[in-house]
Amino acid sequence: GGGLMGDFGADDAAGGDEQGDRLAMLEASMNWLPDSIEPERPSKPLFDNPGIFDKLDQDTLFFIFYFQTGTLQQYLAARELKRQGWRFHKKYLTWFQRHEEPVETGHQGERGTYVYFDYETGWCQRIKSDFTFDYFFLEDEVPAS
């Protein structure tokens, strides 16, 4: 045949070994395969990077907190929620945030209107009026920064 494209699938007038030629081309093409068909991945998983947590929305932070228990990611999510003014209530296992300044404050706690994250029934933020946040149940082991 004549030219490169003419050689593909064309019967060789000289009666050459068509199957052998195809096998040779197939073997030659193997030299151009990529080393891996896996896509490039970042060397470090995204959520192992503490710098990403201040860019995540609150819903994502709550998801990580409640579903990645006992991990570095849970700790980093808790730290970011605290930085955003949320406080964790150890009795209710729920995050609270002041909705307005407390009506009452004392050594034992404070009373007022709070926003809390309902992770059990609605996966949403709700308002709780006239709630007393007893400081005894305030989680204070994770620093806010």
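In this report, we go over the structure that sits alongside the text. Small disclaimer: the values here were computed from a predicted structure and weren't measured. (Residues numbered from 1 in each chain as written. Predicted model: local features only at pLDDT ≥ 70, side-chain atom pairs only at ≥ 80, totals over all residues. Heavy atoms only, no water.)

To continue, consider the pattern of salt bridges. Within this structure, the stated rule accounts for ten salt bridges. A salt bridge links arginine 111 to aspartate 130; the shortest N-O distance between them is 2.4 Å. With arginine 111 in strand 4 (residues 109-118) and aspartate 130 in strand 5 (residues 124-134), this residue pair connects regions lying 19 residues apart in the sequence. According to the relative accessible area criterion, arginine 111 is partly exposed, its value standing at 24%. Aspartate 130 gets classed as exposed once you look at its relative accessible area, which sits at 53%. Salt-bridge contacts for arginine 126 lead to aspartate 118; the nearest nitrogen and oxygen are separated by 2.6 Å. We classify aspartate 118 as buried; its relative accessible area is 7%. (Salt bridge = Lys/Arg side-chain N within 4 Å of Asp/Glu carboxyl O. Helix = DSSP H or I, 4+ residues; strand = E, 2+ residues; numbered from the N terminus. Buried < 20%, exposed > 50% of the residue type's maximum accessible area, 1.4 Å probe, protein only.)

For the rest of this paragraph, the subject is the side chain of glutamate 80. Assignment of secondary structure puts glutamate 80 in helix 4 (residues 72-83). Excluding anything up to four places from it in sequence, glutamate 80 contacts Phe53, Asp54 and Leu61. (Contact = heavy atoms within 4.5 Å.)

Here we come to the side chain of glutamine 74. As for its position among the elements, glutamine 74 is in helix 4. Given the relative accessible area of 17%, glutamine 74 is considered buried. At 3.0 Å, the side chain of glutamine 74 and the backbone oxygen of phenylalanine 65 are in polar contact. The contacts of glutamine 74, once residues within four sequence positions are left out, are Ile64, Phe65, Gln68 and Thr69. (Polar contact = N/O pair within 3.5 Å; in protein donor to acceptor, adjacent residues only side chain to side chain.)

The residue aspartate 134 is located in strand 5 in this model. When the C-alpha atoms of aspartate 134 and glycine 109 are compared, they prove to be 4.4 Å apart, with 25 residues separating the residues in sequence. In this structure aspartate 134 touches Gln108 and Gly109, once residues within four positions along its chain are discounted. A distance of 2.9 Å separates the side chain of aspartate 134 from the backbone nitrogen of phenylalanine 136, its partner in a polar contact.

What follows covers the nonpolar core. With 18 residues, the main nonpolar core has Phe53, Phe62, Phe65, Tyr66 and Trp95 as its most contacted residues. At the level of elements, helix 3 (58-67), helix 4 and strand 4 are the ones that each hand at least two residues to this core. Broken down by element, the residue count for this core peaks at five residues, all from helix 3. Not counting residues up to four positions away in its chain, the partners in contact with tyrosine 66 are Phe88, Leu93, Thr94, Trp95, Phe117, Tyr119 and Trp123. (Core = buried A, V, L, I, M, F, W, Y, C linked by side-chain atoms within 4.5 Å.)

With that out of the way, let us pick up the pairing of strand 4. Here strand 4 lies mainly inside the structure; eight of its ten residues are buried. The pairing of strand 2 (residues 94-98) with strand 4 spans three bridges and is classified as antiparallel. Bridging across to strand 4, glutamine 97 finds its partner in valine 115. Pairing analysis gives two bridges linking strand 3 (residues 104-105) to strand 4, with the strands arranged antiparallel. Within strand 4, the position partnered with glutamate 104 by the bridge is arginine 111. Relative to strand 5, strand 4 runs antiparallel, the two sharing nine bridges. Paired with glutamate 110 across the bridge in strand 5 is phenylalanine 133. In textbook terms, the turn of a hairpin is the stretch between consecutive antiparallel strands, and for strand 4 and strand 5 this stretch comprises five residues, one of which, tryptophan 123, has a positive phi near 45°. (Pairing = 2+ DSSP bridges.)

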